[in-house]
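# Reading the structure
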Amino acid sequence: MHTEPPRFALIDGNTFYVSCERVFDPTLRGKPTVVLGNGDGCCIALSPEAKALGLKIGTPIFQVPKDIRDRVQVRSANFALYGDLSGRIVTILRGLFPRVEVYSIDENFVDVVGLKDPFATCLEARERILKWVGIPCCAGLGSTRTLAKAGNKLAKDQSKRAVNAGRLAVFHATPQNIDALAVEDVWGVGRRFAARLNAEGVKTAADLAALPLDHVRARYGVVLARTATELRGIACGDLELEEPDRKQLVVSRTFGRDVVDPMDALATFTTVACEKLRKRGLAAGALWVWLDGNPFKGDPFHASRAVPFPFPTQDTAEVLRAVRFLAKSIQDQANRGSGVQAYKRGGVGLTDLVQAQARQADLFFGPDEKAERTMAVLDKINAKWGRGTVGVGTVGWRVGGARPGERRRGSRDAQWRPELKALSPAYTTRWSDLLRVR
DNA sequence: TCTGGGGTCCTAGGACCC
DNA sequence: TCTGGGGTCCTAGGACCC
């Protein structure tokens, strides 16, 4: 076991989505608050007060007893807002630390090597983020990223319910002080591994670190062996400063109700997927499309189709043609029996992604340059005037830019778009939603 | 005739993350 | 009535090739 000075810190926002909602709606502070996922379905974020009422992440809100539901504040997920606040936090961290790895929407790893007092700098980061963005954070320090993660969790535990968390919001984890951390709370240990580890008497992070590495390797694989090694203070990975290129890109949704004609939904997913693709400078070598029945009504229907493109493409129109073809094939198969199949979920996946610049044209196939220039213009217009201002084909467009949950009356997309009843304004990313100060 | 053995690619499933 | 979405990596087994 080594006790090294900290090399990394993990800084993250406490119950991030809830905290974001509270920045612009202070009436939520101190009240049990939940943020719901797509279609106002499941709880995806809970304030501590909501957790205290017994609510759990992932629970469908309609299953929560009414007397409890009446006591919680509910918001629909507002990812435009969360993403924007997340970016502001990253900017603050870049001003304090030499290297920052954006790990997720609410977590950042930073490099603390060479800082005079890493603990104090983490406290400073916490202060600035609280004051300038309004989000309370915790920080974990460690000589490996896994230990920094562990420290973050321990900081959360020890600062819970403290009115002014202060120094308690930062914790330096070492191989010697992680016995209070349950093994299921270790980064890299999920439900399955936790159950198996518990069964062999491994209850804490310290127990896992003490397990012989070849045993971990043989029973659980190389990934968990790395985790165990990192808990001992031996780093197996550094910060990842460059986001690696995506290998696949998926857009899928549960529909607001069962729909018989899923094409409008799939066309919308295709449009969004291709926009993301071009934004990243990638092209898709293959496509897959899938449709599901409603498992909650006992319909296990699932079918998918895939097709490669002759040449990796960025062209929404080309992808859309292929999506229509595959969807029709699924529907034909589904309707061959008795009755008409209805769908509750569907998705579009782009795979075999490559850098668009690096595509090799051959004698027979190359990029459709005219189509791709058209797409570039389309992206520019949508960037300026809002997503969905212009598009390809018959997708349900909306002038001025649509937000999730906004329906066009009488349009076909009203069939599948879930209605969001409690979406907060896009305070920071939409001029018309700016807060007014009287 | 020799029916072995090693390499590679693909896919499906399982595990994890947020 | 209402049931989240988007990723990665590893491994085992089969197909295929030489």
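Structural notes, computed from the coordinates. (Residues numbered from 1 in each chain as written. Chains lettered and ligands numbered in written order. Predicted model: local features only at pLDDT ≥ 70, side-chain atom pairs only at ≥ 80, totals over all residues. Heavy atoms only, no water.)

### Section: the overall build of chain A
- Scanning chain A for helices and strands turns up 13 helices and 13 strands.
- Taking 438 residues into account, the globule formula puts the C-alpha radius of gyration at 22 Å, and chain A, at 24 Å, falls close to it.
- In chain A, the proportion of contacts linking residues at least 24 apart, taken out of those at least 6 apart, comes to 65%.
- As displayed, chain A has an accessible area near 22800 Å², and 54% of this comes from carbon and sulfur atoms.
- Side-chain charges of chain A comprise 65 positive and 48 negative groups, with the mean position of each set lying 5 Å from the other. (Helix = DSSP H or I, 4+ residues; strand = E, 2+ residues; numbered from the N terminus. Rg over C-alpha atoms; globule rule 2.2 N^0.38 Å. Contact = heavy atoms within 4.5 Å. Areas by Shrake-Rupley, 256 points an atom, 1.4 Å probe, with all protein chains shown as cover. Lys, Arg positive; Asp, Glu negative; His and termini not counted. Charge placed at Lys NZ, Arg CZ, Asp CG, Glu CD.)

### Some remarks on the protein's contact with DNA strand C
- Neighbouring DNA strand C are 23 residues; Asn38, Val250, Ser252, Lys344 and Arg345 lie closest to it.
- The contact atoms of DNA strand C, taken as those within 4 Å of the protein, divide so that sugar and phosphate hold 73%.
- In this structure, a phosphate oxygen belonging to DNA strand C sits 3.3 Å away from a side-chain N or O atom of Arg226.
- In this structure, a phosphate oxygen belonging to DNA strand C sits 3.4 Å away from a main-chain N or O atom of Phe255.
- For the surface near DNA strand C, the elements supplying multiple residues, two or more each, are helix H10 (222-231), strand S9 (249-259) and strand S12 (343-351).
- Looking at which element gives the most residues to the surface near DNA strand C, the answer is S9, with seven residues.
- When its residues are assigned to classes, the surface near DNA strand C shows 10 nonpolar, six polar and seven charged. (Near = heavy atom within 4 Å. Polar contact = N/O pair within 3.5 Å; in protein donor to acceptor, adjacent residues only side chain to side chain. Nonpolar A, V, L, I, M, F, W, Y, C, P; charged D, E, K, R; others polar.)

### Some points on the protein's contact with DNA strand B
- In the neighbourhood of DNA strand B, 13 residues make up the surrounding shell, with Glu107, Lys149, Gly188, Gly190 and Phe193 lying closest.
- In DNA strand B, atoms within 4 Å of the protein come 100% from sugar and phosphate.
- A distance of 2.6 Å separates a phosphate oxygen of DNA strand B from a polar atom in the side chain of Lys149.
- Among the elements of the structure, strand S5 (100-104) and helix H7 (191-199) are those that each provide at least two residues to the surface near DNA strand B.
- No other element matches the three residues that H7 contributes to the surface near DNA strand B.

### Describing the packing of aromatic side chains
- Inspection of the entire model under this criterion finds 14 aromatic pairs.
- With a centroid separation of 5.6 Å and an interplanar angle of 75°, the aromatic rings of Tyr103 and Phe109 are classed as edge-to-face.
- Taking relative accessible area as the criterion, Phe109 reaches 0% and is therefore assigned buried.
- Each ring, one from Phe109 and one from Trp187, has its centre 5.5 Å from the other, and the planes form 40°; the classification is tilted. (Phe/Tyr/Trp six-rings, centres within 6.5 Å; stacked < 30°, edge-to-face > 60°. Buried < 20%, exposed > 50% of the residue type's maximum accessible area, 1.4 Å probe, protein only.)

### Focus on the nonpolar core
- Membership of the largest hydrophobic core comes to 37 residues, with the highest contact counts inside it found for Leu266, Phe269, Leu287, Val323 and Leu350.
- The greatest single-element share of this core, amounting to nine residues, is contributed by helix H11 (residues 263-279).
- With near-sequence residues (within four places) excluded, Val323 lies in contact with Met263, Leu266, Thr270, Leu287, Val289 and Val348.
- Val18, Leu93, Val112 and Ile135 belong to the second-largest nonpolar core, a separate cluster that totals 32 residues. (Core = buried A, V, L, I, M, F, W, Y, C linked by side-chain atoms within 4.5 Å.)

### With respect to the environment of Leu123
- Structurally, Leu123 can be placed in helix H5 (residues 118-132).
- C-alpha separation for the pair Leu123 and Arg99, spaced 24 residues apart in sequence, amounts to 17 Å.
- Discounting residues that sit within four places of it in the chain, Leu123 has contacts with Gly166, Arg167 and Val170.

### Section: the pairing of strand S2 (residues 33-36)
- Burial along S2 is two-sided: the face carrying Thr33 and Val35 and the face carrying Val34 and Leu36 are both buried.
- Examined bridge by bridge, S2 and strand S3 (residues 43-46) share three bridges and lie antiparallel to one another. Following the sheet pairing, Leu36 is matched in S3 by Cys43. (Pairing = 2+ DSSP bridges.)

### Some thoughts on the packing of helix H1 (residues 16-24) against helix H4 (residues 79-94)
- Taken N-terminus to C-terminus, the directions of H1 and H4 make an angle of 90°; their axes are 10 Å apart at the nearest point. As the angle between them shows, H1 and H4 are arranged roughly perpendicular. Each of Phe16, Tyr17, Cys20, Glu21, Val23 and Phe24 in H1 lies in contact with H4, whose residues at this interface are Phe79, Leu81, Tyr82, Leu85, Ser86 and Ile89.
- Its residues assigned to classes, the contact of H1 with H4 shows 10 nonpolar, one polar and one charged. (Axes fitted to C-alpha atoms, helices over the stretch in contact; angles between N-to-C directions. Parallel < 35°, antiparallel > 145°, perpendicular 65-115°, else oblique.)

### Examining the environment of Lys156
- Mapping Lys156 onto the fold places it in helix H6 (residues 145-159).
- Sequence separation of Lys156 and Asn14 is 142 residues, and the distance between their C-alpha atoms is 8.0 Å.
- In contact with Lys156, other than residues within four places in its own chain, are Asp12, Gly13, Asn14 and Cys138.

### Considering the sheet that holds strand S6 (residues 107-111)
- Spatially, the five strands line up as an open sheet ordered S5-S6-S1-S7-S8, and their pairing is mixed. With partners counted over all chains shown, the strands left at the sheet margins are S5 and strand S8 (170-172), one partner each. With strand direction ignored, the average angle separating the axes of adjacent strands in the sheet is 20°.
- Bridge count between strand S1 (residues 8-13) and S6: five bridges; the pairing is antiparallel. Opposite Phe8, over in S6, you have Asp111 as the bridge partner.

Any functional reading would require information beyond the geometric quantities listed.
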